[in-house]
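Letter by letter, the chains look like this.
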Amino acid sequence: MVLGKHLNQDKDSFYSEIIWASSALILLLFFGYLLGNTWFFFAMGLLVYILWHLRQLSRLIQWLANNEKDMPPDASGFWGDVFRHLYRIQRHNHHRQEKLMLLLNRYKESTEAMPDATIILSKNWEIEWFNSKGTEYFGLQTGKDNGQLLSNLIRSPILWDFLDSHEEDPSFKQTLEINASNSERILSIRLIPYGQKYLLIARDITSIKKLKTMRKDFVANVSHELRTPLTVISGYLETLGEYLKEEPVYASSIDLMQQQSHRMCHIIEDLLLLSKIESSEKRVLKNEFIDMNALLMMLKKEALVLSNKQQIITIEDTGPKWLKGDVNELQSAFSNLISNAIRYTPKGGEIIIRWSCNDSGMACFEVQDNGEGIAKQHVLRLTERFYRVDVGRSRKIGGTGLGLAIVKHVLAHHHSKLEIESKIGFGSTFRCKFSDNMLKSDK
Ligand code: ADP
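Per chain, residues are indexed from 1 in the order of the written sequence. Residues qualify for local features only when their pLDDT is at least 70, as the model is predicted, and side-chain atom pairs are given and counted only at 80 or more; totals for whole chains, interfaces and linings, by contrast, use all residues. To get the side-chain values, take all heavy atoms of the structure and skip hydrogens and water.

Caption draft 1: Quick look at the packing of helix 7 (residues 206-243) against helix 8 (residues 248-279). Orientation is described by lines fitted to C-alpha atoms, with helices fitted over the stretch in contact, and by angles between N-to-C directions that extend from 0 to 180 degrees. We count a stretch as a helix when DSSP gives it H or I for four or more residues in a row; a strand needs E for two or more, and each element gets its number in order from the N terminus. It is the contact of helix 7 with helix 8, at a shortest axis distance of 8 Å, that shows an interaxial angle of 150°. What the angle tells us is that helix 7 and helix 8 run roughly antiparallel. Both helix 7 and helix 8 take part in a crossing whose hand is left-handed. Here roughly perpendicular refers to angles of 65 to 115 degrees, roughly parallel to angles under 35, roughly antiparallel to angles over 145, and oblique to all remaining angles. Whether a crossing is left-handed or right-handed is set by the direction in which the near helix is turned from the far one by less than a right angle, anticlockwise for left-handed and clockwise for right-handed.

Caption draft 2: Fine view of the domain arrangement of the protein. Domain annotation of the protein identifies domain 1 (2-105), domain 2 (114-204), domain 3 (208-279) and domain 4 (289-440). Inter-centroid distance (C-alpha atoms) of domain 1 to domain 4 is 85 Å. Domain extents, as shown, originate in an automatic or database domain assignment.

Caption draft 3: Main features of the nonpolar core. Working definition of a nonpolar core: buried Ala, Val, Leu, Ile, Met, Phe, Trp, Tyr and Cys residues. They are joined through side-chain atoms within 4.5 Å. Only protein chains enter the area calculation, which uses a 1.4 Å probe; residues under 20% of their type maximum are buried, those over 50% are exposed, and those in between are partly exposed. Core analysis: the largest hydrophobic core is formed by 46 residues, its most contacted members being Phe334, Leu337, Phe365, Leu418 and Phe434. Per element, the largest residue contribution to this core is seven residues, and it comes from helix 10 (residues 327-343). No fewer than three residues from each of domain 3 (208-279) and domain 4 (289-440) sit in this core.

Caption draft 4: The arrangement of the packing of helix 9 (residues 292-307) against helix 10 in detail. Closest axis-to-axis distance for the helix 9/helix 10 pair is 10 Å, and the angle between their directions is 35°. Of the two elements, helix 9 crosses helix 10, and the hand of that crossing is right-handed. Along the contact surface, helix 9 presents Met292, Leu295, Met298, Leu299, Glu302, Ala303, Leu306 and Ser307, while helix 10 presents Gln331, Phe334, Ser335, Ile338, Ser339 and Ile342. Three classes are used: nonpolar for Ala, Val, Leu, Ile, Met, Phe, Trp, Tyr, Cys and Pro, charged for Asp, Glu, Lys and Arg, and polar for all others, with Gly counted as polar. Classifying every residue of the contact of helix 9 with helix 10 gives nine nonpolar, four polar and one charged. Between two residues, a contact is recorded if the distance between any of their heavy atoms is within 4.5 Å.

Caption draft 5: Looking closely at a nonpolar patch on the surface. Like charges are joined within 9 Å and nonpolar side chains (Val, Leu, Ile, Met, Phe, Trp, Tyr) within 5 Å, but only among residues with over 30% relative accessible area and no salt bridge; these make up the patches. Accessible areas in this description were obtained via Shrake-Rupley with a 1.4 Å probe; residue shielding takes into account the shown protein chains only. Salt bridges are identified by distance alone: a Lys or Arg side-chain nitrogen within 4 Å of an Asp or Glu carboxyl oxygen. Where nonpolar side chains cluster on the molecular surface, the patch consists of Phe40, Met44, Leu46, Leu47, Ile50, Leu51, Leu54, Leu57 and Ile61 and spans about 810 Å² of accessible area. Here Ile61 lies in helix 2 (residues 38-66). Judged by its relative accessible area of 53%, Ile61 is exposed.

Caption draft 6: Focus on the pattern of salt bridges. Applying the stated rule across the entire model yields 20 salt bridges. Arg354 serves as the salt-bridge partner of Glu366, at 2.5 Å between the closest nitrogen and oxygen. Of this pair, Glu366 sits in strand 10 (residues 363-369) while Arg354 sits in strand 9 (residues 350-357), and the two are twelve residues apart along the sequence. The pair formed by Glu366 and Arg354 is uniform in burial state, with each residue classed as buried. Via salt bridges that share partners, Glu316, Arg354, Glu366, Glu419, Glu421, Arg431 and Lys433 belong to a single interconnected network.

Caption draft 7: Spatial organisation of the site of the ligand. Consider each residue's heavy atoms; a residue with any of them within 4 Å of a molecule or strand counts as near. The full set close to the ligand counts 19 residues, and Asn340, Ser394, Thr400, Gly401 and Leu404 are the nearest of them. Counted as a polar contact is a pair of N or O atoms within 3.5 Å, where, for protein atoms, one must be capable of donating a hydrogen and the other of accepting one, and residues adjacent in sequence contribute only when both atoms are in side chains. Val389 is positioned with one of its backbone polar atoms (N or O) 3.4 Å from an oxygen atom of the ligand. Gly403 has a polar backbone atom sitting 3.3 Å from an oxygen atom of the ligand. Going through the elements one at a time, helix 10, helix 13 (403-413) and strand 12 (427-434) are the ones with two or more residues in the shell around the ligand.

Caption draft 8: Looking closely at the environment of Gly77. Turning to its location among the elements, Gly77 is positioned in helix 3 (residues 77-113). Relative accessible area serves as the criterion here: at 37%, Gly77 is assigned to the partly exposed category. Residues Gly77 and Ser13, spaced 64 residues apart in sequence, show a C-alpha to C-alpha distance of 5.5 Å.

Caption draft 9: Fine view of the pairing of strand 12. Buried residues dominate strand 12, accounting for seven of its eight residues. Bridge count between strand 10 and strand 12: seven bridges; the pairing is antiparallel. When the sheet's bridge partners are listed, Ala363 is paired in strand 12 with Phe434. Here strand 11 (residues 418-423) pairs with strand 12 via six bridges, running antiparallel. What sits directly across from Ser422, in strand 12, is Ser428. Here strand 11 hands over to strand 12 after three residues, with Gly425 in that stretch at a positive phi of 85°. Any two strands with at least two DSSP-identified bridges between them are counted as paired.

Shown next as structure tokens:
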């Protein structure tokens, strides 16, 4: 309605301008005719008309150049409409600008209140904006560093690799841990793409990291401290068992004590192994390649001894001959998967140990059984330390609850992940996939 009203007003002033100008020209032509100099009067009239328009144009330019908020110059008719419209558009833009500034300030205030460093990056990794934590964590300076390439200011090759991974695959979601450039701080970096830009969020995780290290050290130290006394106790129990084997009252108690001390030794060995793997997770894998045929043969031998002919064990080996990795760690992970399959598959069951290569060039180690299977709600938690589906049962068959946690950490060190497929009553498949950069051609 308002727009229609304006359009009508514009049309009115346009027509009145035409009527006014043409009537003035006709009048001048008439006077010119009467005075015998028609074209002179006509030309003079046109000149005055053009000069008047030029004057209005110069007033408009002056107003636009000088003012932002001043009222437009007084004018009537056609030019009055032009001034009025421009003034209205300007006022509208001012309002919008004020609203945007308000929003921007609110956004800045909220990011300032955040405990994390926030940096807005262009798609070419230039710094567009950062909050005060950005200054604190990365030493960025307001004004000076805006527009600079992030890689010029934060000299961390792993951060550059991380940014490259995001550039290649925008759905890349991993977080990165780096040390802050100017302090002992450990930062966890996340990159969130939006529109044509990126939001980099850096969180200080120093205290969480310290707690984790303390926990790891505590477990490692306790396990270490317990190992020696337990070995001594086990040794004495063995001697005592030999000595009292003819005494039925003591023999069964000593047997039970021996079983429990073995179980504790087992737990401590697993805890120590887990601490060792965990503390070496960041260690770069040497270019050492494992002969997978030989390893599979060794695993089969172990499996046959453990199974004691209770299950049918088959090896399927169609995978690559060499796998890059730490042979002790991988052997321990694969053995854990196989011993689980044997322990949780009833007599007569089938176990397949498979080493193969899939279509996308990934090598795959799989242990498939047709045992009892695992309910869906447990699957996601199986790699947690001491998580067991049935605690009593696991203890009875000599489980420590640490086997799959060990597998998870070994695989993380080998840039792989454990995949578990299982169905109650049908069995389970535990799969470890290795990318092609962990393989070597046979040549
Ligand atoms: P545990 O020493 O108790 O076997 P693990 O960490 O190796 O500990 O396994 C965690 C739990 O996962 C086990 O307690 C068991 O319930 C379940 N599990 C592991 N492997 C299998 C399998 N092949 N079939 C059925 N359940 C399994």
